[in-house]
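Chain by chain, the residues run as shown.
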Amino acid sequence: MYNTVIIGAGPGGYVSAIRLSQLGKKVAIIEKEHVGGTCANKGCVPTKALLSSAHLYDEIISKSNKFGINVNSVAYDINKIDDFLTAIVSQTRKGIEFLFKKNNIEFIKATAEIVDKNHVQADNIILETENIILAHGSEPAIFPPFNKIDGIWTSDDFFTNLKDLSDPILIVGGGVIGIEFATFLASLGKKIYIVELMDHILPSEDLDVVQEIKRNLLRKGVEIYEKHRVMEITRNDEIYVSKIEGNGNVTEIKSSKILLAVGRKPVIPDDVKKLGVEINKGVKTDLNMKTNIENIYAVGDIRADIMLAHVAMYEGIVAAHNIAGEDKKMDYSTVPNVIFSNPEIATVGIKEKDANPEEVIVSKFPISANARAKTMNEKNGFAKVLVDKSSKKIIGLSIVSPNATDMIMEGVLAVKYGLSTNHLMDAIHPHPTLTEIILGSIEGAEGKAIHI
Ligand code: NAD
């Protein structure tokens with residue numbers, strides 16, 4: 001008898017398995033593909049490996065001369081980029097499998113079939129369990145007209161076709177995946193078109209944040225069609241002809257590839273549906289990650305809520321503690337968002353577009369006034385803080401900068417623990433570092449910015 005059987009070894013599933021084991025529980029985890037889920041195999045990890053190559057290539061081209069480094073010729077080798085990516089993905093999988101062994105977690109490579117709320121079948125074995133965690137994950141969304149045409153890629157297909165990146169490439173969807181892939185491809189000099197349905201790419205971000213990214217993409221020759229939709233696609237031999245419509249105009253785009261990045265949908269197989277858990281787009285849970293069935297929990301993308309690896313991991317931890325008898329609740333108010341664009345974007349808390357201007361102070365500090373940025377020859381980006389006018393608490397932070405995705409943790413702690421402008425102004429920020437743009441924005445909110 002197991003305490004918990006977990007279905008799906010992505011970030012939500014594997015983290016909850018380890019924490020349950022640390023809490024003394026007997027755990028089995030069942031995975032039909034590779035451990036690590038979308039993040040390790042087809043998402044966060046491989047895209048960041050690609051972006052490391054692209055970023056270095058870009059930096060050599062754009063900065064070496066200025067930095068006094070003579071580079072006679074620069075070229076990239078897609079085979080070696082692919083080798084690097086494959087090695088990192090493989091290391092990540094091995095690392096997770098090692099952690100399963102270390103924590104005495106039974107890892108079963110099979111397709112799980114839920115028999116009833118206390119039994120799960122894996123291959124021909126039936127596991128008896130007190131609890132089940134559903135961590136089946138998500139898959140790329142694909143709908144008409146895109147599913148009617150052969151050969152259209154989703155992010156899943158991109159990695160297996162890396163050696164066939166003939167351009168132009170049309171990216172449909174200017175969200176997080178679309179922009180990260182566009183950043184990689186445009187850095188390698190590929191001709192890219194982006195078609196985005198909403199008013200602007202990265203529609204959930206503030207406009208000033210988006211402008212910084214857009215400027216860089218446009219400089220690299222990317223053509224961006226916002227408020228446009230794809231009406232029709234035809235394929236003639238190796239060329240796709242897409243008719244897109246926006247602002248009353250119809251434009252024709254010819255491309256060699258089409259990458260669809262229009263969101264993801266949860267994977268909810270029939271056995272989960274039959275179980276009787278409440279489903280509304282995704283599997284519904286309370287803040288303890290418990291479904292409407294007492295001993296069934298759900299974490300990660302199967303919930304169809306915030307589809308982020310770090311959210312899935314934390315949901316996995318919350319589920320584990322609740323299964324172990326505690327009462328631990330998810331807090332979604334301070335989820336950091338990170339986008340590996342160029343420059344990077346990271347945000348937490350309330351954004352300017354969603355704030356009441358009567359109640360907040362918005363203060364920005366530009367990278368151009370930061371000493372470390374100067375030494376890096378970086379000119380584009382800023383930190384923008386939102387401060388509650390009456391309490392002076394930090395309620396939101398947006399950063400557009402190199403390493404923004406690392407620097408956001410200062411904002412996460414500030415927003416989560418209700419820190420005020422004084423708290424952060426009294427915390428000495430190391431000099432010269434990019435973190436001083438955060439300090440600068442906070443000082444600005446108090447009318448006391450030193451460096452601007
Ligand atoms: P997304 O929701 O971020 O973006 C999809 C974009 O496609 C939106 O901007 C939407 O307006 C647009 N769109 C939808 N239908 C369209 C159409 N017919 N034509 C043109 N545009 C259309 O989704 P995604 O980029 O596919 O990413 C999927 C999930 O993976 C998201 O939850 C995302 O947060 C997550 N993810 C996160 C990271 C990260 O944290 N760095 C990286 C990659 C993916």
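Definitions and limits used
- Residues numbered from 1 in each chain as written.
- Predicted model: local features only at pLDDT ≥ 70, side-chain atom pairs only at ≥ 80, totals over all residues.
- Heavy atoms only, no water.
- Core = buried A, V, L, I, M, F, W, Y, C linked by side-chain atoms within 4.5 Å.
- Buried < 20%, exposed > 50% of the residue type's maximum accessible area, 1.4 Å probe, protein only.
- Helix = DSSP H or I, 4+ residues; strand = E, 2+ residues; numbered from the N terminus.
- Contact = heavy atoms within 4.5 Å.
- Domains from an automatic or database assignment.
- Buried area = accessible area lost by both parts, 1.4 Å probe.
- Salt bridge = Lys/Arg side-chain N within 4 Å of Asp/Glu carboxyl O.
- Disulfide = S-S within 2.5 Å.
- Pairing = 2+ DSSP bridges.
- Axes fitted to C-alpha atoms, helices over the stretch in contact; angles between N-to-C directions.

A. Expanded view of the nonpolar core. Counting 38 residues, the largest nonpolar core has F158, I171, F184, I194 and L217 as the members making the most contacts within it. Among the elements that take part in this core, helix α6 (residues 176–187) stands out by supplying 6 residues, more than any other. In contact with I194, not counting residues within four places along its chain, are I171, G173, G174, I179, A182, I201, L217, V222, E223, I224 and Y225. Within the second largest apolar cluster, 26 residues are counted, among which are A17, I317, A319 and I323.

B. Highlighting the domain arrangement of the protein. Looking at the protein, the domain boundaries give domain 1 (2–140 + 265–323), domain 2 (146–262) and domain 3 (343–445). With centres defined by C-alpha atoms, the gap from domain 2 to domain 3 works out at 31 Å. Between domain 2 and domain 3, the residue contacts involve 11 residues of the former and 13 residues of the latter. Between domain 2 and domain 3, the buried area comes to about 1000 Å², and carbon and sulfur atoms account for 49% of it. Linking domain 2 with domain 3 are 4 salt bridges, by the criterion used here. A salt bridge links K351 to E205; its shortest N-O distance comes to 3.6 Å.

C. Quick look at unusual backbone geometry. A cis amide bond links P144 with the next residue in sequence, P145, at an omega value of 0°. Summarising the element assignment, P145 is placed in the loop between β7 (138–140) and β8 (153–154).

D. Looking closely at the state of the cysteines. Scanning the model with the defined rule gives 1 disulfide in all. Between C39 and C44 runs a disulfide, and the two sulfur atoms are separated by 2.3 Å. Around the S-S axis, the bridge from C39 to C44 shows a dihedral of about -130° and counts as left-handed. Note on C39: relative accessible area 15%, which makes it buried. Since its relative accessible area comes to 28%, C44 is described here as partly exposed.

E. Expanded view of the sheet that holds strand β12 (residues 229–236). Overall, antiparallel pairing links the 3 strands, which are arranged β12-β13-β14 in an open sheet. Where the open sheet ends on each side, the last strands, each with one partner, are β12 and β14 (249–255). Averaged over all pairs of adjacent strands, the angle between strand axes in this sheet comes to 20°, irrespective of strand direction.

F. Quick look at the sheet that holds strand β22 (residues 360–366). Strand order in the open sheet formed by 5 strands is β20-β21-β24-β23-β22, and the pairing between neighbours is antiparallel. Bordering the open sheet on either side are β20 (337–339) and β22, each of which pairs with just one other strand. For this sheet, the mean inter-axis angle between neighbouring strands, taken without regard to orientation, is 10°. Running at roughly 170° to strand β24 (residues 394–401), helix α12 (residues 409–416) makes contact with β21 (344–349) and β24 of the sheet.

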